[in-house]
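Remarks on the overall topology
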Amino acid sequence: MRGIAKSMLTTLSVFIRPPVTRFYPDVHRPLPERDRAFPLLLWDKEIDEPFCTGCHACERACPVECMTVLMKDNPNHKSVGGTSGRRKIIDKFWIDYARCMRCNICVEVCNFDAIAMNNTWAGHETSVHDRKDLVMDLQQLTTLSHNGAIKEWVPVLGKANEA
Amino acid sequence: MVTESASEFETQDLLLNVGPQHPSTHGVFRMVMQVDGEVVREVIPYIGYLHRGAEKLCETMDYRQGIGFMDRTEYLAAMNAELSYVMAVETLAELEVPERAQWIRMILVELNRLASHLMFMGAFGVDVGVFGTPFIYAWREREAVIDLFEEISGDRMMYAYLRPGGLAWDVPTNFVPRVREVLTAVRQGIADFDGLLTKNEIFIARTKGVGVISAADAIDFGMSGPSIRASGVPLDVRREEPYLKYNDINWNVITRTEGDVYARYLCRLDEMRESVKIVEQCLERLQPGAIMPEKMPRMLRTPPGEIYVRTEAPRGEFGVYLVSKGGNRPHRLKVRSACLSNLQALRHMTIGSYVADALIVLGSIDIVLSEVDR
């Protein structure tokens with residue numbers, strides 16, 4: 001009997017503690033900056049074009065082959081009277097969010113810091129009715145960065161924090 | 001089988017199918033029990049519903065890409081699974097892991113053990129029939145631990161944070177105070193469980209003397225982890241074959257002698273206290289420094305050879321057998337799953353017990369089906 005009374009006491013002591021739950025769809029938990037949802041392409045605001053040059057590094061490194069990358073000659077390159085230093089630029093880019101396993105390898109292999117993991121709630125709440133809608137194209141991938149809605153975190157690989 | 005009895009009716013054993021088998025539910029286990037009234041006469045387990053061919057997949061990709069699949073091999077203690085894998089690669093490639101990375105790794109695997117054991121407490125409570133209360137209590141503290149993992153690695157379950165050689169990136173600057181905060185929460189959670197279940201007469205009546213396995217039988221079945229330590233065998237890879245820094249700190253191997261379900265529960269509860277102690281000592285020893293070796297090749301290649309590395313995961317010995325023929329990917333990768341070995345003893349422990357007890361025994365060996373099926 002004493003054991004059961006002790007159990008009841010434990011439950012009672014929890015009952016008077018403040019709750020730890022949130023009303024989720026209405027109240028969102030603040031996410032840490034390192035949070036990884038799905039990969040996004042970043043937008044170079046100075047030149048007004050994506051950072052991505054379509055070099056296929058991420059596509060090759062992806063363990064689940066969820067990316068498709070096509071590059072083209074940059075119409076805005078300096079040699080043709082434009083402002084950009086990028087000779088090649090991304091033409092078409094698809095990421096299948098249904099296949100992506102969010103391992104962060106595409107971010108690590110990118111030589112231009114052009115891809116980052118979405119660390120906002122928009123990246124987590126991606127439910128759709130049709131699986132095909134989870135294949136994101138270039139426009140969908142760059143929108144968040146274009147609008148300035150994301151403050152991306154690009155990891156400093158293998159380096160210790162500065163003391 | 002017809003027996004000579006006073007009754008003129010023939011009795012026949014009933015085949016009882018236990019377990020869901022919808023392929024989209026994760027971690028499903030099916031067993032067919034042959035029951036005589038309420039007594040189990042035979043148990044036939046069916047595994048393989050979650051088979052993904054993770055070992056074979058790892059052979060088609062380089063060492064870094066394989067880490068993500070190791071996470072999914074044991075999703076409740078992904079850090080432990082990653083550790084075995086990266087340690088195998090490191091041993092083969094002869095990489096020296098810096099001091100700081102080793103301490104951080106140790107903190108993370110012990111925190112992961114806490115999260116995993118908390119998950120056990122909750123799920124086991126549900127199995128026993130205390131629906132709701134322990135489950136919610138366990139998830140409250142587990143949430144604190146995985147929130148911390150999210151701040152460090154970015155993901156809540158599939159961390160992909162360890163790398164051959166060290167860590168992918170450094171921990172946040174507020175790491176130490178945050179871990180201490182989490183430890184305070186977990187200590188509270190352990191106290192809650194102690195109060196809720198340990199002395200509870202109903203819980204004891206339900207679990208004591210159920211699913212007993214002797215030390216000799218447990219060894220024969222190749223059990224490991226808390227399931228074998230509850231039978232009185234002090235088998236702990238952290239003690240037998242120390243890796244990381246387990247030799248440098250004070251901690252005890254928890255054993256019980258009863259070998260029943262209640263002993264397995266107590267063993268895990270005490271192990272959580274040990275883990276808290278280990279993490280506290282690690283935090284004191286943590287120094288600033290490098291987290292990766294000085295010279296890391298851009299693409300990691302290993303010389304030809306083979307290696308078997310084992311670590312103590314929350315469910316037992318998690319081993320990785322890696323064969324390399326040179327190059328940047330494993331030639332063969334074999335995962336030694338503790339859950340699969342522990343599951344072998346299920347039949348031995350359940351035959352002759354009641355149907356309701358069989359489910360408690362299954363809960364008490366704390367299987368993760370993704371690790372069993374791989």
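The numbers attached to residues start from 1 for each chain and follow its sequence in the written order. Ligands are numbered from 1 and chains lettered from A, in the order in which they are written. Local features in this predicted model are restricted to residues whose pLDDT is 70 or higher, and side-chain atom pairs enter the listing and the counts only when it is 80 or higher, whereas totals over whole chains, interfaces and linings include all residues. The basis for the side-chain values is all heavy atoms of the structure; hydrogens and waters are excluded.

1. With respect to the overall build of chain B
- Helix and strand counts for chain B come out as 14 helices and eight strands.
- Scaling as 2.2 N^0.38, a compact globule of 374 residues should have a C-alpha radius of gyration of about 21 Å, and chain B matches this with 22 Å.
- Taken along the three principal axes of its C-alpha coordinates, chain B extends 80 × 45 × 35 Å.
- Classification of residues uses two cut-offs on accessible area relative to the type maximum, computed with a 1.4 Å probe and protein chains only: under 20% is buried, over 50% is exposed, and between them is partly exposed. Burial statistics for chain B: of 374 residues in total, 60% are counted as buried.
- Within chain B, counting contacts between residues at least 6 apart in sequence, those at least 24 apart form 71% of the total.
- Accessible surface is estimated by sampling points in the Shrake-Rupley manner with a 1.4 Å probe; for residues, cover comes only from the protein chains shown. Summed over its atoms, the accessible surface of chain B is roughly 14800 Å², and 53% of this surface lies on carbon and sulfur atoms.
- All tallies of charge rest on Lys and Arg as positive and Asp and Glu as negative; His and the ends of each chain are not included. Each charge is placed at NZ for Lys, CZ for Arg, CG for Asp and CD for Glu. The average position of the 41 basic charges and that of the 51 acidic charges among the side chains of chain B differ by 6 Å. To qualify as a helix, a DSSP run of H or I must reach at least 4 residues; to qualify as a strand, a run of E must reach at least 2; elements of each kind are numbered from the N terminus. What the globule rule says is 2.2 Å times the number of residues to the power 0.38, and the radius of gyration is computed from C-alpha atoms. Whether two residues are in contact is decided by their heavy atoms, any of which lying within 4.5 Å being enough.

2. What to know about the packing of helix H4 (residues 99–128) of chain B against helix H5 (residues 133–153) of chain B
Residues and elements named next belong to chain B.
- Where H4 meets H5, the closest approach of the two axes is 8 Å, and the angle between their N-to-C directions is 155°. In this view, H4 runs roughly antiparallel relative to H5, as classed from their interaxial angle. The chirality of how H4 crosses H5 is left-handed. For the pair H4 and H5, contact is made by Leu-108, Leu-111, Asn-112, Ala-115, Leu-118, Met-119, Met-121, Gly-122, Ala-123, Gly-125 and Val-126 and by Pro-134, Phe-135, Ala-138, Trp-139, Glu-141, Arg-142, Val-145, Leu-148, Phe-149 and Ile-152, respectively. To get an axis, a line is fitted to the C-alpha atoms, and for a helix only the part in contact is used. The angle between two axes follows their N-to-C directions and goes from 0 to 180 degrees. Orientation labels follow simple angle bins: below 35 degrees gives roughly parallel, above 145 gives roughly antiparallel, 65 to 115 gives roughly perpendicular, and whatever is left gives oblique. The hand of a helix crossing depends on one turn: near helix anticlockwise from the far one by less than a right angle means left-handed, and clockwise means right-handed.

3. Details of the sheet that holds strand S6 (residues 305–313) of chain B
All names here are of chain B.
- Ordered by their spatial adjacency, three strands build an open sheet running S6-S7-S8, and the pairing between neighbours is antiparallel. Each edge of the open sheet is held by one strand with a lone partner, namely S6 and strand S8 (332–336). Neighbour-to-neighbour, the strand axes of the sheet open up by a mean angle of 10°, direction not taken into account.
- Alignment of S6 against strand S7 (residues 316–324), held across nine bridges, turns out to be antiparallel. DSSP-based pairing: two strands are paired if at least 2 bridges between them are found.

4. Notes on the side chain of Arg-374 of chain B
- Mapped onto the elements, Arg-374 of chain B comes out in the segment after helix H14 (369–373).
- With a relative accessible area of 12%, Arg-374 of chain B lands in the buried category.

5. Some details on the packing of aromatic side chains
Residue and element names in this part refer to chain B.
- Think of it this way: a Phe, Tyr or Trp ring, Trp meaning its six-membered ring, pairs with another when their centres are within 6.5 Å, and the plane angle makes it stacked under 30 degrees, edge-to-face over 60, tilted otherwise. Evaluated as defined, the whole model comprises 14 aromatic pairs over all chains.
- Ring centres of Phe-203 and Tyr-265 lie 5.0 Å apart, and the angle between their planes is 70°; this geometry places the pair in the edge-to-face category. On the criterion of sequence distance, the pair formed by Phe-203 in helix H7 (residues 201–207) and Tyr-265 in helix H11 (residues 261–285) is long-range, its members being 62 residues apart. Grouping residues by exposure puts Phe-203 and Tyr-265 together as buried.
- Positioned above the aromatic ring of Phe-120, the side-chain terminus of Arg-268 is 4.2 Å from the ring centre. Ring-over charges, as used throughout, are those where CZ of Arg or NZ of Lys falls within 6 Å of the ring centre and within 35 degrees of the ring normal.

6. Focus on the environment of His-51 of chain B
All names here are of chain B.
- The residue His-51 is located in the loop between strand S3 (39–46) and helix H1 (54–59) in this model.
- Each residue touching His-51, except ones within four places of it in the same chain, is listed here: Asp-373 and Arg-374.
- A polar atom in the side chain of His-51 sits 3.0 Å from the backbone oxygen of Asp-373. Any pair of nitrogen or oxygen atoms within 3.5 Å is treated as a polar contact; in protein, a donor-acceptor pairing is required on top of that, and neighbouring residues in sequence qualify only through side-chain atoms on both sides.

7. A few points about the interface of chain A and chain B
- With 38 residues of chain A at the interface, the matching set in chain B holds 41 residues.
- Note: buried area is the sum, over both parts, of the accessible area (probe 1.4 Å) each one loses when the two are combined. Across the chain A/chain B interface, buried area totals approximately 3000 Å², and carbon plus sulfur atoms make up 49% of it.
- Within this document, salt bridges are pairs made up of a side-chain nitrogen of Lys or Arg and a carboxyl oxygen of Asp or Glu, the two lying within 4 Å of each other. Across the salt bridge formed by Glu-150 of chain B and Arg-29 of chain A, the nearest N and O atoms sit 3.0 Å from each other.
- Where the side of chain A that touches chain B is concerned, the elements lending two or more residues are helix H1 (2–15), helix H2 (57–61) and helix H3 (105–109) of chain A.
- When residues of the side of chain A that touches chain B are assigned to their parent elements, the largest contribution, eight residues, is made by H1 of chain A.

It is worth stressing that arrangement in space is one thing and function is another; only the former is reported here.
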